[in-house]
Amino acid sequence: MSESDHTQLTDSAPILDEQFPVIAGPERPVVALRVLKHGDCFGVFDPRGNVVPGESGEGGLYYDGTRFLSWFELLMFGHPPLLLSSTLGVDDAVFEADLTNPDVLRDGHIAIARGEVNVHRSRVLWSPSCVERIRVTNFSLSRIDVPLAIRFDADFADVFEVRGTHRAKRGERLPDVRGRDYVMRYRGLDNVERRARIRWGRPPDKIENGRSLFLLALEPRETAALELTVSYESDGDGGPATTPPGSLADVVSRTRTWRAHQSGAASRVVSSSAMFNRWLNRSEADLQIMQTDTRYGVYPYAGIPWYSTPFGRDGLITAFELLWINPSIARGVLAFLAETQATSVNDAQEAQPGKILHEMRGGEMAALGEVPFGRYYGSCDATPLFVMLAYAYYQRSGDRAFIDLLWPHIVAALDWMSGNGDPDRDGFIDYVRRSDTGLINQGWKDSHDAIFHQDGSLAEGPIALCEVQAYAYAAWKGAAALAALRGDHTSAADWKGRAEQLREQFELAFWCEDLNTYALALDGHRRPCRVRTSNPGHALFAGLVADDRAKRVCDLFMTESFFAGWGVRTVAAGEQRYNPQSYHNGSIWPHDNAIVAAGLARYGFTGAATRIFTGTLDLSEAVDLHRLPELICGFRRRGRQPTLYPVACAPQAWAAGAVFMLLGAALGVHIDAPARRISFSRGQLPESIDWVRLSDLSIGDAHVDLQLERHPHDLGVTVIRREGQVEVVTVK
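This text gives an overview of the structure that appears in the document. (Residues numbered from 1 in each chain as written. Predicted model: local features only at pLDDT ≥ 70, side-chain atom pairs only at ≥ 80, totals over all residues. Heavy atoms only, no water.)

Moving on: the sheet that holds strand β34 (residues 715–723). Taken in spatial order, the four strands of this open sheet run β21-β32-β33-β34, and their pairing is antiparallel. Where the open sheet ends on each side, the last strands, each with one partner, are β21 (268–271) and β34. Geometrically, the sheet is characterised by an average inter-axis angle of 15 degrees between neighbouring strands, direction not taken into account. As paired elements, β21 and strand β32 (residues 691–699) share four bridges and run antiparallel to each other. Bridging from a neighbouring strand, R268 pairs with S695 of β32. (Pairing = 2+ DSSP bridges. Helix = DSSP H or I, 4+ residues; strand = E, 2+ residues; numbered from the N terminus. Axes fitted to C-alpha atoms, helices over the stretch in contact; angles between N-to-C directions.)

Here eight strands make up an open sheet; going across it, the order is β7-β8-β11-β12-β20-β17-β16-β15 and the pairing antiparallel. The open sheet has two free edges, formed respectively by β7 (82–88) and β15 (172–178), since each of these has just one partner strand. Shown here is a sheet whose adjacent strand axes are inclined to one another by a mean of 15 degrees, direction ignored. As judged from the six bridges shared by strand β8 (residues 95–100) and strand β11 (residues 117–126), these two strands associate in the antiparallel manner. What sits directly across from L99, in β11, is V119.

Here we come to unusual backbone geometry. Following G461, the chain continues to P462 via a peptide bond in cis, the omega torsion being -5 degrees. Here P462 lies in the loop between α8 (400–418) and β26 (464–465). Cis rather than trans, the peptide bond between A650 and P651 has omega equal to 5 degrees. Mapped onto the elements of the fold, P651 is located in the loop between α14 (606–622) and α15 (653–656). The backbone of D64 shows a phi angle near 50 degrees, a positive value even though the residue is not glycine. With respect to the secondary-structure elements, D64 resides in the loop between β4 (60–63) and β5 (66–69).

Our focus in this paragraph is the nonpolar core. Core analysis: the largest hydrophobic core is formed by 183 residues, its most contacted members being W324, F386, I451 and L600. Sequence-distant contacts of W324, that is, excluding residues within four places in its chain, are made with R396, F660, M661, L663, G664, L667, V669, I671, L694 and L697. C41, V119, L125 and L218 belong to the second largest nonpolar core, which has 45 residues in total. (Core = buried A, V, L, I, M, F, W, Y, C linked by side-chain atoms within 4.5 Å. Buried < 20%, exposed > 50% of the residue type's maximum accessible area, 1.4 Å probe, protein only. Contact = heavy atoms within 4.5 Å.)

Quick look at empty space enclosed by the protein now. For the structure shown, the criterion picks out three cavities of 30 Å³ or more. In this model, the largest cavity occupies a volume close to 40 Å³. Forming the walls of the largest cavity are W279, R282, S283, D286, H626, R627, L628, P651, Q652, A655 and A656. If you list the elements that add at least two residues to the lining of the largest cavity, you get α3 (274–290) and α15. The element best represented in the lining of the largest cavity is α3, accounting for four residues. In terms of residue class, the lining of the largest cavity is made up of five nonpolar, three polar and three charged. (1 Å grid on protein atoms, 1.4 Å probe; cavity = no way out; pocket = protein on both sides within 12 Å on 5 of 7 lines; lining within 4 Å. Points joined across faces, edges and corners; volume = space filled by probe spheres on them. Nonpolar A, V, L, I, M, F, W, Y, C, P; charged D, E, K, R; others polar.)

A complete count under the given rule lists 53 salt bridges for this structure. For the salt bridge of R313 with D381, the shortest nitrogen-to-oxygen distance reads 2.6 Å. In this pair, R313 is assigned in helix α4 (residues 312–322) and D381 in the loop between β25 (375–376) and α7 (382–397), connecting sequence segments 68 residues apart. Exposure remark for R313: the relative accessible area of 3% places this residue in the buried category. With relative accessibility at 1%, the residue D381 sits in the buried group. With a closest N to O distance of 2.5 Å, R530 and D514 form a salt bridge. Of this pair, R530 sits in the loop between β29 (521–522) and α11 (535–542) while D514 sits in the loop between β27 (511–512) and β28 (517–518), and the two are 16 residues apart along the sequence. (Salt bridge = Lys/Arg side-chain N within 4 Å of Asp/Glu carboxyl O.)

Listed below in structure tokens is the structure:
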């Protein structure tokens, strides 16, 4: 019997053991964390439901960029209970765990055998609160007095501190306040008092600094339960903690009602494959929890724990992933980004008129300017993606009135693209950091070493990225079509000409004949970064690639240097900076693979797109909860388990959205709302999926249910229900 299997029972009152640090090293196990989110509040816990300092650096409860609960540990008989199981509900709303007691010793003998007591934890978030119900059951034949303790603390760390940023000075931790509630307080350097309030459904039998104790006397088969709420509040927020969110059952009911309303505009997908359905269900749930009500509308936050906030690029790409199945997400993203569009120059924020937001954060460090991300505009791709999505949204929805509302913002974005976005007026959008604290690289691969030359040397700015020129091409072309729709034929001709000029310049400057692909970027001297990367897949997605070169790019992506079994690597094996363990230089990102697959399908290579789909489907079956992480390592697939990237966010909005873009790519689906037409071009399905059913796929006021069946070389499409005027066509 190991020491972890039992604990010593004494006649004295139960006390808590000291917390011993866990040394990070090669033998430390990888723990599958559990995550909940609602609104601006999210929680990260271990499988027991605990937050223990030293065991998981990112664990805790967070609100608006601040960790307001940094220690929350349930103990029984003075020790952590043994874990039986833990999970999240299929809708991500409720965390549940079953725990039991270890062997409890008295005078060296077993007084209470392991497994006699069950502890069931249920937890749900309702921003800015966490509600938990703890149910304890005695399954023995004798009465048991169960001491249940909860150890808690709040460090009020800014999320950037949690990530490892050192601050020269912090605010002041104020004395705790004990009364009906237990309140932990902190006054930041921004002179804002932040508080964590714990409210007990039943008073503790004993309470000390950071520790509450409940003594439960349980007869055989008897159950006792207690509920508690942990809430965040701060100066000027109206004191939300003074109005508790309610019981756990009440909060669960409200959460599920809210989520049902959020998903009301989406079409439903089901298939013959249980494996694919599991991936779909988890992705749908993840996307729902990432959708957040903001002052400007609903927006999909990027990822937990580090990016639970609005990101321009992430929101735009997530909207693209979901566009064919649920265009309402794109509408919300466009509305939010229009309202937060920059209107003046601010070098500290990298802001320029017309530029689209990169990220927006709360928290003490952002408020003080210790990080520039209160409102930060340091990305060169979000602005053309904004215009590109606006046109794609119109094509999918036919929502002319919304485009008219967006029009001044679209024009402002185009003005930035032709002005500050292209300062040397060579037709290419480029970037160079304007703030010492800003991002060095400002595309989606924003690691400091992500943009490099063939010899491994880092590119110097200003840098023009391959994929950003593709987004700009689609933006100019789409804006021209919208201008023509609005009767502005002068602007339409000008913008269409810009698109065509960019296409010609791109082919001349970026194509690398000997590599069979396009350069990663052009550096400040306009020398191409001759590196094989996934970035040209985005150019396929935007339609910028010449037809005669698209096949060569497709074939390259299917070689072993790129396709690693789980998906396409960001950088091909063999390149100078290739490292499958890196963040951007050889890893595999689900959203990147979805974009590559959509680009391949756009040029008719649905077979290659389906191969990527199949690899990602296998990945979904191999990861915890069938939840695609932000990224995995890019090692070649050798078995059934991928090599996980150690600090990947999960859930991540654009990783969750990847399933829908991958499915759309395999099906070759295209929806033209103004023409009221749904088409499937050269569609294919993986061998593991015999059929897919789409229910309530809508175009305006028309709705269809479709059955899509896999045939040896193509796709069969059957219309099950049709309401309203809509044409369904297949292209062989």
